[in-house]
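# Architecture and fold: a report
Each chain, written out:
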Amino acid sequence: MAVLKVTFTKTKRDKLAQVLWILNWISVVTGVILLSLGLFLKVELNKRQELMADRDIQYVPNMLISVGLIACAINFLGGKICYDCVDTAKFLRWKLIMLPYIVCTFFFTFCVLVGALMCYTMHWELDESLKEGLTQAMRFYKDTDTPGRCFLKRAVDKLQIEFQCCGNKAYKDWFKIQWISNRYLDMSHREVVDRLRSNVEGKYLMDGVPFSCCNINSPRPCIQQQITNNSAHFSYDHHTEALNLWTRGCHQALLDYYTGIMHSIGLTVLITWLFELSVLTGVRYLQTSLENVLRHGDPNSESDGWLLENSFIETARTNLNIIKTLSKNNHVDTANNGDPNINIPSTVKAHYGPDNVPPQQIPVAS
Amino acid sequence: MAVCKVTFSKAEREKLAEILCLLNWVSVVTGAALFWVGLFLKVEIQKWQEVMSDQGVLHVPHMLIATGLAACCINFLGGKICLDCADPNKFLRWKLVMMPYVACTFFFTFCVLVGALLCYSVGGQLQESLFLGLRHAMRHYKDTDTPGRCYLKKTLDLLQIQFQCCGNTGYRDWFQVQWISNRYLDMSSSSVLERLRSNVEGKYLLDGVPFSCCSTFSPRPCIQHQVSNSSAHFNYDARSQQQNLWEGGCRQALLDHYTGIMQSMGVAVLLIWLFELLVLTGVRFLQTAMENVLLLGDPDSESVGWILENSLAETARSNVKIIKSLGKCYQVDDDPNLNVSTEPGGG
């Protein structure tokens, strides 16, 4: 009992082959699109890798890039095959390759689906990575003289300006870390020394933020020092002053940005997956109907196409048996200590004299 | 003595018509490209129009947009004409339109050239416009409560951050402008009053700059106040600055930005102009060849095509005469009813 059997006339088969040829070429284009989406995501992640802690998030764009390349190759081959399938004679060339090709494409389509799902699951890894990365970056903001960390100040400033955010969760994060290097603190000044002594870890903490936290929408010049001290500035109340600094945290800003990108990419990959699945189904029908035509012998006759020759369970059972026999052939029979020469009945024919005529059977008396 | 006379066989004429049809369609695409180039330039200029004192520089993108649209129409018509020109019978339909069409296309091609040259000539006007515009914007940076000027602070901050520049020619321009509004100055403070009094015009000037002048390349936290006072900050040299603030002025930064855009556009427009000229020459040859075929009477014979029938000087002279006679026709010769001799009639 075949799965989804459809009868094809000759013209229908030709039409199917032509349509599949065009669809395969469109799939090559979608493969290129997948490749470029993967490259784009890789570039975007690399742009801000200084702010991300070491997490394995590069596997998503790498997966997309490889899937895109494989899609181009598979669909290019598929296009050539479908182009030849219009002519039954040319189909003979591809007959042996068709089934392996379809199996490969099936697994590849599964990989596309996995790629799409990965785009949605990357969110959590990214969340962790950004939280850690931003904390580190802010801690080493002042270390512009330490190789390996000297670029972090610029990276954080550019991030806060571009994404209009301040700190990890909010601007108050800056109050808990020392972001002014000791190189620029006047240790002979009593205030500086007092502040350093009042802190348990000897850090110079203040209620100030870097200039990159300043909000350009503010009607007044930016207040970055003594933010929580209302009396330090004229006509200022830090509780009501909402436009002075960026209120959003950079962790949320970056996460939203990357989640947006990955959701759009994930959607595109899902659509590509559906498209590839439909092309695969068409190629399977074409393959089975052409094979049946060859079996009938008449190239102009009708033939049946199907997805699976027998029901799903039977096909699974048959395949399992095939796999079992394959593995059995590879096992040496260890029943007789592994010696293949023991207990084999001789199959050599008895030699019955020079004329080699077997003796006549003596009839048994009844 | 015709200018650039070329003999065309029937096959050559048909080939020319086909090629010109194709080239005209390509020209429609380049016309659309010209339109988009003009539109892009317009959007770019309008992004920063608040720091320009006059919008005179907008005539460049407007010219490019108009020329692009005209190119699309003219070349679309040209494509249809050339498609028909392969067949002398169909050519009869277009015979009367061809000469005006070629003349129009010639003037249009001249407009494209003018557009290309304009792209290179706006430098001086733009410089002046930016100088005045930036000065105005800096002066009204503090007026975030005045309608019509409240956006200038945000625009200037964005400009300085994006183009990595500070002030008009340099950061010292901010020292001559009051950029902190009186609303945020504590008039009860003696230091504030002293500073206001020490200035002739009563402006609160200080050697400080807005936060948007801070350079992201600086190794130390930004110093925006008392910038020229070395002793106000630890380990700070006011003269060397050490990448504390953006070095360049915004006028030069914007000028470089727009000059770069318009130079690349100018090259593209020049290439389009050369292409249009080529198409025009081909259409002219096709027109004269087809007209000569009709004059000869035999559609399969060879014919001669040229750019001008007589030499350039003779053509100019005859055109001027035509214009003069046209002018004479419109002049009424006094009263046409006076001094007309009547036949002695019967009474």
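Residues numbered from 1 in each chain as written. Chains lettered and ligands numbered in written order. Predicted model: local features only at pLDDT ≥ 70, side-chain atom pairs only at ≥ 80, totals over all residues. Heavy atoms only, no water.

### Observations regarding the layout of surface pockets
Counted only if it meets this: Using protein atoms alone on a 1 Å grid, points that fit a 1.4 Å probe yet trap it form a cavity, whereas open point sets bounded by protein on both sides within 12 Å along at least five of seven lines form a pocket; residues with an atom within 4 Å of a point count as lining. Grid points are joined across faces, edges and corners, and a volume is the space filled by probe spheres set on the points. Only DSSP runs of H or I covering at least 4 residues are called helices, and only runs of E covering at least 2 are called strands; the numbering of each starts at the N terminus. Residue classes follow a fixed rule: Ala, Val, Leu, Ile, Met, Phe, Trp, Tyr, Cys and Pro count as nonpolar, while Asp, Glu, Lys and Arg count as charged, and any other residue, Gly among them, counts as polar.
Within this model, the largest pocket holds a volume of roughly 1900 Å³. Lining the largest pocket are 48 residues, with Gln225(A), Gln226(A), His225(B), Gln226(B) and His233(B) positioned closest to its centre. Those elements giving two or more residues to the lining of the largest pocket turn out to be α5 (190-198) of chain A together with α6 (190-198) of chain B. When grouped by side-chain class, the residues that make up the lining of the largest pocket number 27 nonpolar, 11 polar and 10 charged. Quantified by volume, the second largest pocket comes out at close to 920 Å³. The wall of the second largest pocket is formed by 25 residues, among which Leu99(A), Arg284(A), Leu307(A), Leu308(A) and Thr315(A) lie closest to the centre. Listed by contribution, the elements that provide at least two residues to the lining of the second largest pocket are α3 (88-139), α6 (250-296) and α7 (312-330) of chain A. Across the lining of the second largest pocket, the residue classes tally to 14 nonpolar, 7 polar and 4 charged.

### Quick word on the interface of chain B and chain A
The criterion, for reference: Two residues form a contact once any of their heavy atoms are found within 4.5 Å. Put simply, buried area is how much 1.4 Å-probe accessible surface two parts lose in total, over both of them, once they are put together. A pair is scored as a salt bridge if a Lys or Arg side-chain nitrogen falls within 4 Å of a carboxyl oxygen belonging to Asp or Glu.
Contacts between the two partners involve 26 residues from chain B, matched on the other side by 24 residues from chain A. Counting the surface lost from both chain B and chain A, the interface buries some 2300 Å², and carbon and sulfur atoms represent 66% of this. Of all residues in chain B, Tyr184(B), Phe211(B) and Thr216(B) bury the most surface against chain A, accounting for 28% of the area lost on that side. Taken together, the links from chain B to chain A amount to 0 salt bridges.

### Observations concerning the packing of aromatic side chains
Residue and element names in this part refer to chain A. We apply this condition: Stacked, edge-to-face and tilted labels apply to pairs of Phe, Tyr and Trp rings (six-membered ring for Trp) whose centres lie within 6.5 Å, assigned for plane angles under 30 degrees, over 60, and everything in between, in that order. Burial classification: accessible surface area is computed with a 1.4 Å probe over protein chains only, and a residue below 20% of its type maximum counts as buried, one above 50% as exposed, and the rest as partly exposed.
Going through the model one piece at a time under the given rule, you end up with 20 aromatic pairs over all chains. Relative to Trp174, the ring of Tyr141 lies with its centre 5.1 Å away and its plane at 70 degrees, an arrangement referred to as edge-to-face. With Tyr141 in the loop between α3 and α4 (152-163) and Trp174 in the loop between α4 and α5, the pair connects residues that are 33 residues apart, well separated along the chain. Judged on exposure class, the residue Tyr141 and its partner Trp174 are both buried.

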